[in-house]
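Now for the letters of each chain:
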Amino acid sequence: MLRPLQQVIKARGDAVYWFLEGSEVDPKHLRGDELCWQSVNQVIEWQPDAVFVPGNVVPSFIPGLKVALFHGFDTGKRKSEGNKGHFAIRDCFDLYCTQGPSSTARFQELAQQHGHFEVKETGWAALDPLFQTQSGNPFDSTDGRKTILMCSTFSKHISCARQLFDTVKRLTTSGEWRWLIQFHPKMDPEVVAMYRSLESEHCQFIETDNVLPLLTAADAMLCDTSSIVLMFLMQHKPVVTFNNKMPGPHLYNITDESKVHQALTHVLMQPPELINAIKQYTEHIHPYTDGHSSERVLAATDELLAKGTSHLKAKPSNIVRHLKMRKKLAYWKL
């Protein structure tokens, strides 16, 4: 997710270090040329100018400008008004780099309300490779069949994985289409094992830290209310969703599992009304298709570093949250 930004930072001669915290981040995905600090003490001693975070919080005791980059789009999994969901303000960041008009307007309102951060619409740096020429996609196929990508969120109350298993099993066995299946890293291991059992000449189950090649290789997606749906839509390709929490004309949403085959068959025909709705929707949430959002993020960061943050209000102390972060990282120095 942060590699496109890392590439641009390195290209201009600056240094990048990773800091991985928590069991949900697997260091095995780091490449041989990627540098990583092993402790928060090392991070603090290095004195970074800026800290880019795809998550929700960052400790105040880590130096540098704190830049929020988001780990996905707003999908309506949670109520996203006020201080909940995608638009939660947790008093950690100096700069929010928003993805498009749909999120920028709300964050600008929140910036006026809180006064301790700035907002800049840059596009989502994670998507840059999606709009750049790529070669050697390992998931491309020349066998002539259409490719279906199935994804699902790990949240049990909205995940389609368990309910659709028998249907997907039947469809993957038929061989009509080629299937790629990929789940969120936090997916229930039991569900992962179920879908691994479907692997065959018609179906491939993939665990990866880079979903973009999967997105480009597929002709249509089957999903639920995961933010990866919106990433797929950026290509103006259709998605069949099952019990989506925020259905709209840009999605082909169904609530009956017996309709999966019919729905996929329909969207693979690229119905003009659906494709036009997708184009209108993506223009609203992420209009940047030049593959240069990373450059815009760095430009916004450089601008705020040069200007400084003295014009911003002091962040609320939020003692409880920051004590929890200190405890989690075992860091108690002043």
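Fair warning: this is a prediction, and the values are worked out from it, not measured in the lab.

Peer 1: Tell me about helix α5 (residues 189-196), and name the residues and values.
Peer 2: Looking only at α5, the buried set comprises V191, V192 and Y195. Looking straight down α5, one finds its buried side chains confined to an arc of 105°; they lie on one side. Looking at the buried positions of α5, the neighbouring elements they touch are β7 (147-152), α4 (165-174), β8 (178-183) and β9 (203-205). One side-chain oxygen of the residue at the start of α5 lies 2.9 Å from the amide nitrogen of E190, identifying that residue as D188.

Peer 1: Tell me about the sheet that holds β8, and please be specific about residues and values.
Peer 2: Here we have 6 strands laid out as an open sheet, ordered β9-β8-β7-β10-β11-β12, and parallel in their pairing. Two strands in the sheet have a free side with no partner beyond their single neighbour: β9 and β12 (252-254). Direction aside, neighbouring strands of the sheet carry axes that sit 20° apart on average. For strand β11 (residues 239-242) and β12, the ladder comprises 3 bridges, and the chain directions are parallel. Of the residues in β12, the one forming a bridge with V240 is Y252. Its contacts with the sheet put α4 on β7, β8, β9 and β10 (220-223), and the angle it makes with β8 is roughly 145°.

Peer 1: Provide a residue-level description of the packing of aromatic side chains, including the pertinent values.
Peer 2: The full count for this structure, using the stated rule, is 14 aromatic pairs. Ring geometry for F87 versus F107: centroids 5.1 Å apart, planes at 50°, classification tilted. Of this pair, F87 sits in the loop between β4 (65-68) and β5 (95-98) while F107 sits in helix α3 (residues 101-114), and the two are 20 residues apart along the sequence. Here the two residues F87 and F107 agree in accessibility, since each one is buried. Aromatic pair F93 and Y96: ring centres 5.6 Å apart, planes at 65°, arrangement edge-to-face. Each member of the pair, F93 as well as Y96, is classed as buried. Taken together through their ring pairs, the aromatic side chains of F70, F87, F93, Y96, F107 and F117 make up a single cluster.

Peer 1: Quick rundown of the nonpolar core? Include the residues and the values.
Peer 2: Judged by nonpolar contacts, the single largest core of 60 residues is most densely connected at W179, Y195, L215 and M221. Broken down by element, the residue count for this core peaks at 6 residues, all from helix α7 (residues 228-233). Ignoring anything within four residues of it in the chain, the contact list for W179 reads I148, M150, V168, L171, T172, H202, C203, Q204, L222 and L264.

Peer 1: Run through the environment of K169, naming residues and quoting values.
Peer 2: Position of K169 relative to the elements: it lies in helix α4. Once the C-alpha coordinates of K169 and S197 are considered, the two residues, 28 residues apart in sequence, prove to be 9.2 Å apart.

Peer 1: Tell me about the confidence of the model for the chain, and please be specific about residues and values.
Peer 2: Scored by pLDDT, the chain comes out at a mean of 93, with 97% of its residues at no less than 70. Predicted confidence for residues 79-83 stays below pLDDT 50, and this span has 13 contacts to residues more than four positions away or in other chains.

Peer 1: Give a detailed account of the environment of P59, specifying residues and quantitative values.
Peer 2: Turning to its location among the elements, P59 is positioned in the loop between β3 (50-53) and β4. Using a relative accessible area of 9% as the deciding quantity, one classes P59 as buried. Counting along the chain gives 270 residues from P59 to L329, while the straight-line C-alpha distance between them is 9.3 Å. With near-sequence residues (within four places) excluded, P59 lies in contact with K66, M325 and L329.

Peer 1: Would you mind going over the sheet that holds β5 in detail, with residue names and values included?
Peer 2: Within a sheet, each strand pairs with its neighbour through backbone hydrogen bonds, oriented either parallel or antiparallel. As summarised here, the arrangement of the 4 strands in space is β3-β4-β5-β6, forming an open sheet in which the pairing is parallel. The open sheet terminates on both sides in strands that have one partner only, identified here as β3 and β6 (118-121). Within this sheet the neighbouring strands show an average axis-to-axis angle of 25°, counted without direction. Bridge count for β5 against β6 is 4 bridges, and the pairing is parallel. Residue pairing across strands places L95 opposite E118, the latter belonging to β6.

Analysis parameters
Residues numbered from 1 in each chain as written. Predicted model: local features only at pLDDT ≥ 70, side-chain atom pairs only at ≥ 80, totals over all residues. Heavy atoms only, no water. Buried < 20%, exposed > 50% of the residue type's maximum accessible area, 1.4 Å probe, protein only. Helix = DSSP H or I, 4+ residues; strand = E, 2+ residues; numbered from the N terminus. Arc of directions from axis to C-beta. Contact = heavy atoms within 4.5 Å. Polar contact = N/O pair within 3.5 Å; in protein donor to acceptor, adjacent residues only side chain to side chain. Pairing = 2+ DSSP bridges. Axes fitted to C-alpha atoms, helices over the stretch in contact; angles between N-to-C directions. Phe/Tyr/Trp six-rings, centres within 6.5 Å; stacked < 30°, edge-to-face > 60°. Core = buried A, V, L, I, M, F, W, Y, C linked by side-chain atoms within 4.5 Å. pLDDT = per-residue confidence, 0-100.

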